[in-house]
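Chain by chain, the residues:
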Amino acid sequence: MVMNTKNTWNLNRILSLLLVLVGNIVFALSIKLFILPANLISCGTTGIALVVDHMTDIPMSTFILVFNVVMLVLGWAVLGRSFAMTTIFSSIFYPLALEFLNRTLGDFIITENLMLMTIFGGMCMGGSLGLVIRGGASTGGMDIPPLIINKFFRIPVSATLWMFDLIIMFCQLSFHPLEDLLYGVLLIISVSFALNKVMLFGTSRTEIKIISEHSEEIRQAILKEVDRGCTLLHGAGGYRGNELNVILSVVSNHELPKIERVARQIDPGCFVIISQVSEVWGRGFTRAKKD
């Protein structure tokens, strides 16, 4: 039993490392193939690097590496060692991957369509960030100042991130037309969309509540025919005041039609409420079922 637990822990560590590794490579690819060729306004550490690159001769990869290391040391000092250990890999590997791609891919581009570059660049960035976060790490860089501000002043991290991103984007307007700001906003929207999709991928479930006078029959049918657990919530009708049970169950999307069919076969007049939940923990989802 201890051996199996140790093997599972080692496997999870390997999978987490692979997610962080792939996420950083995809992030570097999105910068190399979409952001740089399109000369897009960007945010975060990459946006600062674009400003520095325009004003000086410092290569982007060099600036990002130095900036990330400085932020890493700051995060270590203020937020603690455990936080720094989760960001050290991304802080160093991403700029190295970007420099490697710059040298190997040269002037290679996929498309010259600015809209396609904006949308797909944002989706690749958001997807890669999602992989890194799901791997249990952080991308470091400009993620760290908002966390420090939140620790001392309790200002929400999301609000501070948006403020920094807007400042960084406006700084780039000094060498970009105003129209590029719109593409920058579209880029951020694409990043947010893809990030949310990757973060919820494989974890979202459907919650179903069934209100019926035949709750016991429906409960038995769900257990036997669908092989899904459920919970009985005690309630009362708001009009007649009669006592009844509300069946609560969390199911996968492909199980939902089965439960609906079973419930309506038993009680065509049952009241059904269906809603999406972002993540579920517990037996049958994150732990094995019991017989």
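The structure we're discussing is the one just above.
Residues numbered from 1 in each chain as written. Predicted model: local features only at pLDDT ≥ 70, side-chain atom pairs only at ≥ 80, totals over all residues. Heavy atoms only, no water.

Caption draft 1: Representation of the pairing of strand β1 (residues 205–211). Buried residues dominate β1, accounting for 5 of its 7 residues. Bridge analysis of β1 against strand β3 (residues 243–251) gives 6 bridges, and the strand direction is antiparallel. Within β3, the position partnered with lysine 209 by the bridge is leucine 248. (Buried < 20%, exposed > 50% of the residue type's maximum accessible area, 1.4 Å probe, protein only. Helix = DSSP H or I, 4+ residues; strand = E, 2+ residues; numbered from the N terminus. Pairing = 2+ DSSP bridges.)

Caption draft 2: Region of interest: the sheet that holds strand β4 (residues 271–277). Strand order in the open sheet formed by 4 strands is β2-β3-β1-β4, with antiparallel pairing between adjacent strands. Each having just a single partner strand, β2 (231–236) and β4 make up the two edges of the open sheet. Direction aside, the axes of adjacent strands within the sheet are offset by 25° on average. In this sheet, β3 lies alongside β2 in antiparallel orientation, the contact comprising 6 bridges. (Axes fitted to C-alpha atoms, helices over the stretch in contact; angles between N-to-C directions.)

Caption draft 3: Representation of helix α5 (residues 114–134) in the model. Over its 21 residues, α5 runs 30 Å from end to end, which matches the ideal 30 Å to within 8%, given 1.5 Å per residue. Listed in full, the buried residues belonging to α5 are Met117, Thr118, Gly121, Gly122, Met125, Gly126, Gly127, Ser128, Leu129, Gly130 and Val132. Two to three positions downstream of the cap, the backbone nitrogen of methionine 115 sits 3.0 Å from a side-chain oxygen, assigning the N-cap of α5 to asparagine 113. One or two steps after α5, the chain reaches glycine 136, where phi turns positive at roughly 85°. (Expected span 1.5 Å × (residues − 1). Polar contact = N/O pair within 3.5 Å; in protein donor to acceptor, adjacent residues only side chain to side chain.)

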